[in-house]
Amino acid sequence: MRFYSLLKIRAEALLAAGSHVIILGDLNTAHRPIDHWDAVNLECFEEDPGRKWMDSLLSSLGCQTGSHVGPFIDSYRCFQPKQEGAFTCWSAVSGARHLNYGSRLDYVLGDRTLVIDTFQDSFLLPEVMGSDHCPVGAVLSVSSVPAKECPPLCTRFLPEFAGTQLKIRRFLVRLKDPVFRHSALKLNNKTQVQMHQNKARVRSTRPRPSQAGSSRGQKNLTSYFQPSSSHPQASPNLELPSVGALVTPKTSEKEVMAKVVEGQASASEAKDEKEIRTSFWKSVLGGPLSMPLCRGHREPCVRRTVKKPGPNLGRHFYICARPQGPPTDPSSRCNFFLWSRPS
């Protein structure tokens, strides 16, 4: 609402100065019930602050006859006052564009005199893909007249479009100079010379690869496949003691049996542990669980995650996989809903 208020103040100031004004783009508000797919089910549709702001900005009647309230005209409704299903935005998550289940949020607004005298058409381009919004446009019968100088708030004066790369400190430190002065975007010569000197000093003190130790230098790929010299290798002539040398004549029969039983127990435990690990990885790598079927179409559902803050944040649920559409359309999504069981 603060943006809306500032936009209206700026537009009315330009009109008072004798200029024509066009407001073009995404205003993020569906003005009339005809501009929203589900306006009849929304409570207090007309009482929305954004719609009240548009009421004060736009003329309420046709652009040719009758009195008007605001200084601007919705150019599309001027030429297509009763066109239904004229939407410019659809939910990309629910696939609502497939069934044209959206709202009209993008406008070409012009001041009343300009629309009546020069506008010839206003149109939507819902067939143009690439976003959850579609382009909108208008046709004007005007001729271009070169201006003596650009307005002070022209885009070319903004730092983002001045053609000079911004420094990171520009976003962290408040500058004393005005925002639109080019001097705020450039460093003075002394600072630039000092920066070049600092860079040269850093380059001179940085160790070269030949000067660095072999342990810090980049290793060759073959070094990972060769035995390390720091670890002594086992001699091929090394002889292991025989089994008979490990058994002494003093070893009793009970001790031998105890060792055999202990070895069998450890082997059994290792086998059980291996089976547990095998069953675990089978459950993990077994693939996703089968999707439940929705009751309306008996088709596999899709799983979604709750992203709205609250007690159910992060929980998973299943809904119909079909695109969102009017409830009366049998090809649209049914109202099936099922919470996913915790794994």
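Residue indices follow the written sequence of each chain, beginning from 1 at its first position. Local features in this predicted model are restricted to residues whose pLDDT is 70 or higher, and side-chain atom pairs enter the listing and the counts only when it is 80 or higher, whereas totals over whole chains, interfaces and linings include all residues. To obtain the side-chain values, all non-hydrogen atoms of the structure were used and water was disregarded.

With that settled, the discussion passes to the overall build of the chain. A run of DSSP states H or I qualifies as a helix once it reaches four residues; a run of E qualifies as a strand once it reaches two. Both are numbered from the N-terminal end. When helices and strands are tallied, the chain shows seven helices and 10 strands. Only protein chains enter the accessibility calculation, which uses a 1.4 Å probe; a residue is then buried when its area is under 20% of its type maximum, exposed when over 50%, and partly exposed in between. The buried share of the chain, taken over its 343 residues, is 23%. The contact rule is simple, with two residues in contact once any of their heavy atoms fall within 4.5 Å. Long-range pairs, those at least 24 residues apart, make up 51% of the contacts in the chain between residues at least 6 apart in sequence. Accessible surface area values rest on a Shrake-Rupley calculation with a 1.4 Å probe, where residue burial reflects the displayed protein chains alone. In the form shown here, the chain has an accessible surface area of approximately 26,400 Å², with 56% of it arising from carbon and sulfur atoms.

Moving on: the pattern of salt bridges. Take a side-chain nitrogen of Lys or Arg and a carboxyl oxygen of Asp or Glu: if they are within 4 Å of each other, that pair is a salt bridge. Applying the stated rule across the entire model yields eight salt bridges. The salt bridge involving D35 is made with R104; its shortest N-O contact spans 3.1 Å. Of this pair, D35 sits in the loop between β1 (22-26) and α2 (49-57) while R104 sits in the loop between β4 (102-103) and β5 (106-111), and the two are 69 residues apart along the sequence. Exposure class is identical for D35 and R104. Each is buried. Where R51 meets D48, a salt bridge forms, and the shortest distance between an N and an O atom there is 3.7 Å. Residue D48 is classed as partly exposed on the basis of its relative accessible area, which comes to 28%. Each of D35, D74, R77 and R104 takes part in a single network of salt bridges with overlapping partners.

Moving on: the sheet that holds strand β2 (residues 72-74). Strand pairing requires that DSSP identify at least two bridges connecting the strands. Read from one edge to the other, the open sheet built from three strands follows the order β1-β5-β2, with strand pairing classed as antiparallel. Since the sheet does not close on itself, it has two edges, and those belong to β1 and β2, each with one partner. Ignoring which end each strand starts from, the neighbouring axes of this sheet average 20 degrees apart. Pairing of β1 with β5, which is carried by five bridges, proceeds in the antiparallel orientation. In this analysis, axes come from line fits to C-alpha atoms, helices being fitted only over the stretch in contact, and the angle between any two N-to-C directions falls in the range 0 to 180 degrees.

Attention now moves to the confidence of the model for the chain. A residue's pLDDT is the confidence the predictor assigns to it, expressed on a 0 to 100 scale. When pLDDT is averaged along the chain, the result is 79; 73% of the residues meet or exceed 70. Here residues 178-191 is a poorly scored stretch, pLDDT under 50, and it has 20 contacts once near neighbours within four places are set aside; other chains count.

Right, let's talk about the pairing of strand β9 (residues 316-319) for a bit. Bridge count for strand β8 (residues 302-305) against β9 is four bridges, and the pairing is antiparallel. From the neighbouring strand, R304 faces β9, where its bridge partner is F317. Relative to strand β10 (residues 337-339), β9 is paired through three bridges, and the arrangement is antiparallel. Counted as the bridge partner of F317 is W339 from β10.

To continue, consider the nonpolar core. Counting 12 residues, the largest nonpolar core consists of Y4, A11, V21, I23, L27, W53, M54, L57, L58, F72, Y107 and L109. Within the residue set of this core, elements represented by two or more residues are α1 (2-16), α2 and β5. It is α2 that provides the largest number of residues to this core, a total of three residues. Excluding residues that lie within four positions of it along the chain, A11 makes contacts with V21, I23 and F72. To form a nonpolar core, buried Ala, Val, Leu, Ile, Met, Phe, Trp, Tyr and Cys residues must be joined to one another through side-chain atoms within 4.5 Å.

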